[in-house]
Amino acid sequence: MKNKKNENTESLILEAAKSIFQTKGMDGARMQEIADKAGINKAMLHYYYRNKQLLFEAVFKNAFSLLAPQLNTILNDDSTIEEKVINFSSNYISFIAEHPYLPNFIIQELNRNPDFILKMKESNGFPNLEKFKKQVAVEVEKGAIRKVKAAQLFINILALNVFPFIGKPLIKSLISVDEEGFQQLIEERKTAVADFIINSIKI
C-alpha cells in the first residue's frame, strides 16, 4: 500500500510539474507552485525531488521515454526508407499532438544545459541511426533513391516534423489560422511531410 501511495504521489508531482514547466518554463517555475498544484506541501515535494533541476529532468525523461522507443523501433525495423519516413512522421506528429510541451522542453533544456542530452543518450530506447544510415547508403548505391546523406535526410525529416510545434504562434500568425485551423494543419502534416520527403528523394 505504501509503495502504491508513493507512486500516486509521484505521478501527481510529475503531472503538476509538467503543467507548470509547460506554461512558465524551467526558470519561471517555482517549487511551491508545483507543490500547491500537486496538492502536497513543499517538504513532501523536496522528499521526492531535492531541487527543481531534478524534477525538470524527471518530467523530461518521463515524456521522452514514451516517444524515443517508438522512433527507435521505426528506424531499426525492416521497413523500406519510404515506409520509415511515413511511419516516423505519423507517429511523431500523433505523439506530439498529445504532448505539445515536449519539443519546447527539449529545446529549452538543450539551450540551458547542452550536456543533458548526453545523459539521455545512455538510456534504453534512445534512437539509434546506424541501421538507417546503412539502409540509405545501400538505396543510394542501388540507384533506388537520389544521392543523399542519411544524416541530412534525417535532419530534414526531424525539422519538418518538429518546427510546426515549436513555431506554433508564429505559424498561426503568418498564415492567419485559429487553434482549430492549426490543429487541422497538423493533422494534414502526418501525410504532407512524408509525401514531401519521399518526393524529394525519388529518382
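Model, not experiment: these values are computed from the prediction.

Draft legend 1. Structural detail: the overall build of the chain. Summing up its helical and strand segments, the chain has 11 helices and 0 strands in all. When its helices and strands are written in sequence order, the chain yields α-α-α-α-α-α-α-α-α-α-α. Referenced to the eigenvectors of the C-alpha coordinate spread, the extents of the chain come out at roughly 65 × 40 × 30 Å. When each of the 203 residues of the chain is scored for burial, the buried share is 37%. In the chain, 67% of the contacts between residues at least 6 apart in sequence involve partners at least 24 apart. For the chain, the accessible surface area stands at approximately 11900 Å², while carbon and sulfur atoms represent 54% of it.

Draft legend 2. Seen up close, unusual backbone geometry. Phi at Ser176 takes a positive value of approximately 55°, unusual for a residue other than glycine. As for its position among the elements, Ser176 is in the loop between α10 (168–174) and α11 (179–201). Residue classification places Ser176 among the exposed residues on the basis of a relative accessible area of 63%.

Draft legend 3. Local environment of the side chain of Lys84. Relative to the helices and strands, Lys84 resides in helix α5 (residues 81–98). A polar contact is formed between the side chain of Lys84 and the backbone oxygen of Ser79, at a distance of 3.1 Å. If sequence neighbours within four positions are ignored, Lys84 has contacts with Ile74, Leu75, Asn76, Asp77, Asp78, Ser79, Phe132 and Gln135.

Draft legend 4. Up close: the side chain of Glu57. Within the secondary structure, Glu57 is located in helix α4 (residues 52–76). Glu57 gets classed as buried once you look at its relative accessible area, which sits at 8%. Leaving out residues up to four positions away in the same chain, Glu57 has contacts with Asn113, Phe116 and Lys119.

The rules we used
All residue numbers refer to positions counted from 1 along the written sequence of the respective chain. For this predicted model, a pLDDT threshold of at least 70 governs which residues receive local features, and a threshold of 80 or more governs which side-chain atom pairs are given and counted, while totals over whole chains, interfaces and linings are taken from all residues. The basis for the side-chain values is all heavy atoms of the structure; hydrogens and waters are excluded. Note on conventions: DSSP H or I runs of at least 4 residues are helices, E runs of at least 2 residues are strands, and numbering of each starts at the N terminus. Only protein chains enter the accessibility calculation, which uses a 1.4 Å probe; a residue is then buried when its area is under 20% of its type maximum, exposed when over 50%, and partly exposed in between. For this analysis, residues touch if any pair of their heavy atoms sits within 4.5 Å. Only the protein chains shown count as cover for residues, and all accessible areas are computed by the Shrake-Rupley method using a 1.4 Å probe. Between N or O atoms, a polar contact is any pair within 3.5 Å; within protein, one atom must be a potential hydrogen donor and the other a potential acceptor, and residues adjacent in sequence are included only when both atoms are from side chains.

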